[in-house]
Amino acid sequence: MLNLLKNKALIINTDLDGILSGLFLKKYLNCKIVGFSNSAESIWLQTNFTDFKNVCFIDMYVTNPTLICIEQHIISVNEKHHEKLKKNPKKLNPNLLNPRYFLPDTSYYKKYPFGTIHFIIALLEREKYDLTNLDLYKTTSNLQLIDLILRADDTMKTTINSSYIENASEWWSWLQEFSKQGKTISKLKNYLDKTTKSTSVSIKSKIAKFLQNNPFYCDSSDGGIKELTKDNCLKENTKIYFKFISEITNIESFNLDEVYKPYNGIAKRFELTKEFQEELIERDTINNKKIFSYAFVRSSKRDYNFSCTFYQD
C-alpha cells in the first residue's frame, strides 16, 4: 500500500493529526510537504509546485479518483457505495479495509475512532519500517510526544473516557493485527491501558492550554489552524508551531519559508437526502455540483451530519 506514497508531494491538514502524519511520511517515505488544508474551504499550495496530478492528500478524502489520499473518515454511504470505493487502491482508509458505512447507523457507530497518524504508524509497521528509534516519551515543555500523538483526533479520550470505549478497544485490536503486532502500536495501546480517566482529562487540558496560547495561538484544542498565511507566507506563530512538532518528533522540518497561493472552495454542512445519497454514489456530485472533498461526520440521527467542500464556481 505504501508504495503509492513513496516520494510523493503531500498536502496535509493544519492540525496535530495532519502535521504528525506529514512528518512521519516525510521521514519514512521521503515525501515532500507542498501544501496545507484547513479541512474546510481553504488549501495553500507552494507557488513553485505545479504537478497537481501527482499530489497526495493526507487526513482528507478527495473525490478525484486519480488522486491518492490517506485518511480515516466515513466516506461510504452504504455497502453499495463501499463496494465501489474499495476498488480504488489510491484511497487508503481503515473504514474501507474494515468495512464501515454511514448507513445503517449500527455500522456508523462502529467506525474507526482514531487519527490518520495511528493508521499510518500501523501501515509503516505492517510493511516492516523500523520505528524503534522513535522516542515516544521525549518531553519538551512538559509535554510527552506520546500524549501529542494520542491527542490527535481525541484518541486518548475516545479510548479511555467516552461512550465508545468498546469500539475503541476493538479497533486497537484491529490495528495490532493489521500492523502485524507492531511495537509502536503496542506501546501506544499499553500506555493507554495504564492511563486513568482523570489523567486523560488532565493531559487533554494541558495540551489545549499549551497549543492555544503564546507562542502558537492555535485556533482549536487539537492544534488546528484556520488561517495559515499572511502575505502568502506562513505566519510566525505557525512556523513556531511546526518547529515545535518537528523538534519533539525529532524529524527534520520542511521548508518554512516557501511562498503559498491560497485556493478556496465552498464548505457546507447539511443532511443528505436519499436522492442526494444516490447522486453522491453515482457521480460524486450534490445537486449537480461537483464535490471536491467530503465526510460523514455524524450519524444519520443527528443534524448536519454531512460535511463537504464544493469546487468554487
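Residues numbered from 1 in each chain as written. Predicted model: local features only at pLDDT ≥ 70, side-chain atom pairs only at ≥ 80, totals over all residues. Heavy atoms only, no water.

1. Focus on the sheet that holds strand E2 (residues 32–37)
At step 1: The strand order E6-E5-E4-E1-E2-E3-E11 describes an open sheet built from seven strands, whose pairing is mixed. On the outer flanks of this sheet lie strand E6 (91–92) and strand E11 (260–264), each paired with one strand and no other.
At step 2: Here E2 runs beside strand E3 (residues 42–46); their pairing, made up of three bridges, is antiparallel. Bridge pairing in E3 places Gly35 opposite Leu45.
At step 3: Strand contacts of helix H1 (residues 16–29): strand E1 (9–13), E2 and strand E4 (55–58), with the helix running at about 160° to E1, the strand carrying the most contacts.
At step 4: Each of E4, strand E5 (68–70) and E6 touches helix H5 (residues 116–126); the most contacted strand, E5, lies at about 105° to it. (Pairing = 2+ DSSP bridges. Helix = DSSP H or I, 4+ residues; strand = E, 2+ residues; numbered from the N terminus. Contact = heavy atoms within 4.5 Å. Axes fitted to C-alpha atoms, helices over the stretch in contact; angles between N-to-C directions.)

2. Notes on helix H8 (residues 165–178)
At step 1: Here H8 is 14 residues long and its end C-alpha atoms lie 20 Å apart, about the 20 Å a rise of 1.5 Å per residue gives.
At step 2: Those residues of H8 that sit buried are Asn167, Ala168, Trp171, Trp172, Trp174, Leu175, Gln176 and Phe178.
At step 3: Turning to H8, the residues buried within the fold contact helix H3 (94–97), H5, helix H6 (145–151), helix H7 (155–160) and helix H9 (183–193). (Expected span 1.5 Å × (residues − 1). Buried < 20%, exposed > 50% of the residue type's maximum accessible area, 1.4 Å probe, protein only.)

3. Re the environment of Ile117
At step 1: Residue placement: Ile117 occurs in helix H5.
At step 2: For Ile117, a relative accessible area of 0% corresponds to the buried category.
At step 3: Here the alpha-carbon distance between Ile117 and Ile149, two residues 32 residues apart in the chain, equals 7.5 Å.
At step 4: Once residues lying within four places of it in the same chain are set aside, the contact partners of Ile117 are Asp17, Leu20, Ser21, Phe24, Ile149 and Ala152.

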